[in-house]
Amino acid sequence: PASLPTGLLVNSVVRQAGLDGKAAYVLQRGDPDRGMMLVKLRGQRDDSCRLELQQRDLDGQLQWVPALPGGAPDEAKIDGYIARAQGRDPDLWVVEIEVTDSNAANPFKEIT
């Protein structure tokens, strides 16, 4: 099945976050049709962070996986990862979403 263009998907999630009273920021705009994504989930309640990246599995299906597995990385490690990824991929989308805590669901998982 065809998926939504990345730009439309990002705009939809950012708009919904605003309607839900949460902040969401596009830190880097990538390819509007097929750019891959990094999503930083920043916990308002506990000041924690989580970073997920979008990638294809062996069957070519998009999935969301932790970018930095192995526990809760600090924000400096997450920001460093984002900076390196931005340098490698100009088509990458980077979105930061404020959630209740960093264990909250990635809103992109519900759509993709």
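Along each chain, residues carry numbers from 1 onward, in the same order as the chain's sequence is written. Totals for whole chains, interfaces and linings use every residue, but because this is a predicted model, local features are given only for residues with pLDDT of at least 70 and side-chain atom pairs only at 80 or more, for both listing and counting. Calculated side-chain values reflect all of the structure's heavy atoms, with hydrogen atoms and water omitted.

### A look at the pairing of strand β3 (residues 49–56)
So, point 1. When you tally the buried positions in β3, you get six out of eight residues, the bulk of the element.
So, point 2. With five bridges joining them, strand β2 (residues 37–43) and β3 adopt antiparallel strand pairing. Paired with R42 across the strands is C49, a residue of β3.
So, point 3. What makes two strands pair is DSSP finding at least two bridges between them. In DSSP terms, a helix is any run of H or I states spanning at least four residues, a strand is any run of E spanning at least two, and both are numbered starting from the N terminus. Once β2 ends, the chain turns through five residues before running back antiparallel as β3, passing D47 with a positive phi of about 55 degrees.
So, point 4. Summarising the sheet, β3 and strand β4 (residues 62–66) pair through five bridges and their orientation is antiparallel. Bridge pairing links L53 to V65 in β4. Relative accessibility under 20% of the residue-type maximum defines a buried residue, over 50% an exposed one, and the middle range a partly exposed one, all with a 1.4 Å probe and only protein chains included.

### Side note on the confidence of the model for the protein
So, point 1. Per residue, pLDDT measures the predictor's confidence, with a range of 0 to 100. For the protein, the average pLDDT comes to 89, and 97% of its residues sit at 70 or higher.
So, point 2. Mean pLDDT per element in the protein: β4 is the minimum at 90, and strand β1 (residues 24–28) is the maximum at 96.

### Observations regarding the pattern of salt bridges
A side chain of one charge can pair with a side chain of the opposite charge if their charged atoms are brought near each other.
So, point 1. One side-chain nitrogen of Lys or Arg within 4 Å of one carboxyl oxygen of Asp or Glu is enough to make a salt bridge. Taken as a whole and assessed by the stated rule, the structure comprises seven salt bridges.
So, point 2. In this structure, E75 and K40 form a salt bridge, with 2.7 Å as the shortest nitrogen-oxygen distance. Of the two residues, E75 sits in helix α2 (residues 75–88) while K40 sits in strand β2, which places them 35 residues apart along the sequence.
So, point 3. Taking relative accessible area as the criterion, K40 reaches 3% and is therefore assigned buried.
So, point 4. R50 is the salt-bridge partner of E52, the closest N and O atoms lying 3.0 Å from each other. Per residue, the accessibility class of E52 equals that of R50, and both read buried.
So, point 5. Through salt bridges that share partners, K40, R42, D47, E75, D79 and E96 make up one connected network.

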